[in-house]
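# A closer look at the structure
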Amino acid sequence: FKPVTVSSALESGALTGDETFYCDGGEFVTDTQINCDNVYGHGEETLSQVIENSCNDALMQIAFKMGISDFCKYQELFNFGSRTGIDLPNESSGTVYSENNMHEVELATSSFGQSLTCTMVQELAAFSAVINGGYYYKPHVVGQITNSDGGVVKNVEPILMRQPISARSSSMLRDYLEATVSEGTGKKARVPGYRVGGKTGTAEKYPRGNGKYLVSFIGAVPMDDPQLVVYVIIDEPNVEDQSTGGYAMT
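Attention now moves to the nonpolar core. Ranked by size, the top nonpolar core spans 46 residues in total, and within it Val6, Leu10, Leu47, Ile62, Phe78 and Tyr176 carry the most contacts. Beyond its immediate chain neighbours, meaning those up to four positions away, Ile62 contacts Thr5, Val6, Ala9, Leu15, Phe21, Leu47 and Val50. Val181, Val196, Phe217 and Val221 belong to the second largest nonpolar core, which has seven residues in total.

This is the structure in structure tokens:
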């Protein structure tokens, strides 16, 4: 979710891309301490390093710059909280906070993808829009319908729904996501000869503190002209410490 937040902040004008952020391990929001994954802090970071390090502290600061109204606006533009309309049965819409029930704590946690739910299809479609120049397409499974003789009955053409972000914002995110694989948390996704970009994900399962996680990676190639996105989730890796390592990238 972090690339969505950062691209939204760039598009809304809350960020220019030249900012730096200081991570000291977390933020105290109203009456709640919300920690970064690195509780000792990442220190001073550029916007690219925020994505590379997957820094929760900086993401909260970015969301506060946006404000609740703009955050919810772009959350909707990227189609979180709504069904995508993919040609599969029983699609879920997920659950997100709206302007009516989002407050400072919910804004902070939503900025890095906690306190909301989404499907893999929603995330895949949103991530594709982040990197493809800013265009959100309705996802689909079937590309072509043929008859018993092999003749084409119907070609399913791409349906452009909207453009949440500009080509400029998208280009900046491609650079950040490529740096995440070359320099940051996504190093295990590097493939010789390919320009790979992507983002790691770690989600703690309820009840908190039980040591059980969903770990994921979403990536694309080639990052100068993305043609393929791959999204992998591992539910409870069979290791002693599920929260560490790049299991979804190996």
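On the surface, Leu88, Val141, Val142, Ile145 and Val153 cluster together into a nonpolar patch covering about 400 Å² of accessible area. Following the sequence through the fold, Val142 ends up in the loop between β5 (136-137) and β6 (144-146). The partly exposed category is assigned to Val142, whose relative accessible area is 34%.

Turning our attention to the packing of helix α6 (residues 120-131) against helix α7 (residues 167-183). Where α6 contacts α7, the axes come no closer than 7 Å and their chain directions differ by 105°. By the criterion of interaxial angle, the relationship of α6 to α7 is roughly perpendicular. Residues Phe127, Ala129, Val130 and Ile131 of α6 form the contact with α7, whose own contacting residues are Ser170, Leu173, Arg174 and Leu177. Here the contact of α6 with α7 is built from residues that sort into six nonpolar, one polar and one charged.

Among the secondary structure elements, Thr84 is positioned in the loop between α4 (68-77) and α5 (104-111). Within the structure, the side chain of Thr84 is placed 3.2 Å from the backbone nitrogen of Ile86, a separation counted as a polar contact. Polar contacts involving the side chain of Thr84 include one to the side chain of Glu91, which spans 2.6 Å. Not counting the four nearest positions on each side in its chain, Thr84 is found in contact with Asn79, Glu91, Val121, Gln122, Tyr136, Lys138 and Pro139.

For the rest of this paragraph, the subject is the packing of aromatic side chains. The final tally for this structure, using the stated rule, is two aromatic pairs. Centre to centre, the rings of Phe1 and Phe71 are 6.4 Å apart; their planes meet at 45°, and the pair counts as tilted. Placement of the pair is Phe1 in the segment before α1 (2-12) and Phe71 in helix α4, with a sequence separation of 70 residues. Looking at Phe1, the relative accessible area reads 15%, which means it is buried. In this structure Phe71 comes out as buried when scored by relative accessible area, which is 4%. Its guanidinium or amino end placed over the ring of Tyr136, Arg162 lies 5.2 Å from that ring's centre, counting from NZ or CZ. It is Arg208 that lies over the ring of Tyr206; its NZ or CZ is 4.8 Å from the centre.

What counts and what doesn't
- Residues numbered from 1 in each chain as written.
- Predicted model: local features only at pLDDT ≥ 70, side-chain atom pairs only at ≥ 80, totals over all residues.
- Heavy atoms only, no water.
- Core = buried A, V, L, I, M, F, W, Y, C linked by side-chain atoms within 4.5 Å.
- Buried < 20%, exposed > 50% of the residue type's maximum accessible area, 1.4 Å probe, protein only.
- Contact = heavy atoms within 4.5 Å.
- Patch = residues over 30% accessible without salt bridge, like charges linked within 9 Å, V, L, I, M, F, W, Y side chains within 5 Å.
- Areas by Shrake-Rupley, 256 points an atom, 1.4 Å probe, with all protein chains shown as cover.
- Salt bridge = Lys/Arg side-chain N within 4 Å of Asp/Glu carboxyl O.
- Helix = DSSP H or I, 4+ residues; strand = E, 2+ residues; numbered from the N terminus.
- Axes fitted to C-alpha atoms, helices over the stretch in contact; angles between N-to-C directions.
- Parallel < 35°, antiparallel > 145°, perpendicular 65-115°, else oblique.
- Nonpolar A, V, L, I, M, F, W, Y, C, P; charged D, E, K, R; others polar.
- Polar contact = N/O pair within 3.5 Å; in protein donor to acceptor, adjacent residues only side chain to side chain.
- Phe/Tyr/Trp six-rings, centres within 6.5 Å; stacked < 30°, edge-to-face > 60°.
- Lys NZ or Arg CZ within 6 Å of the ring centre and 35° of its normal.

Everything listed here is a matter of coordinates, which is why it stays silent on function.
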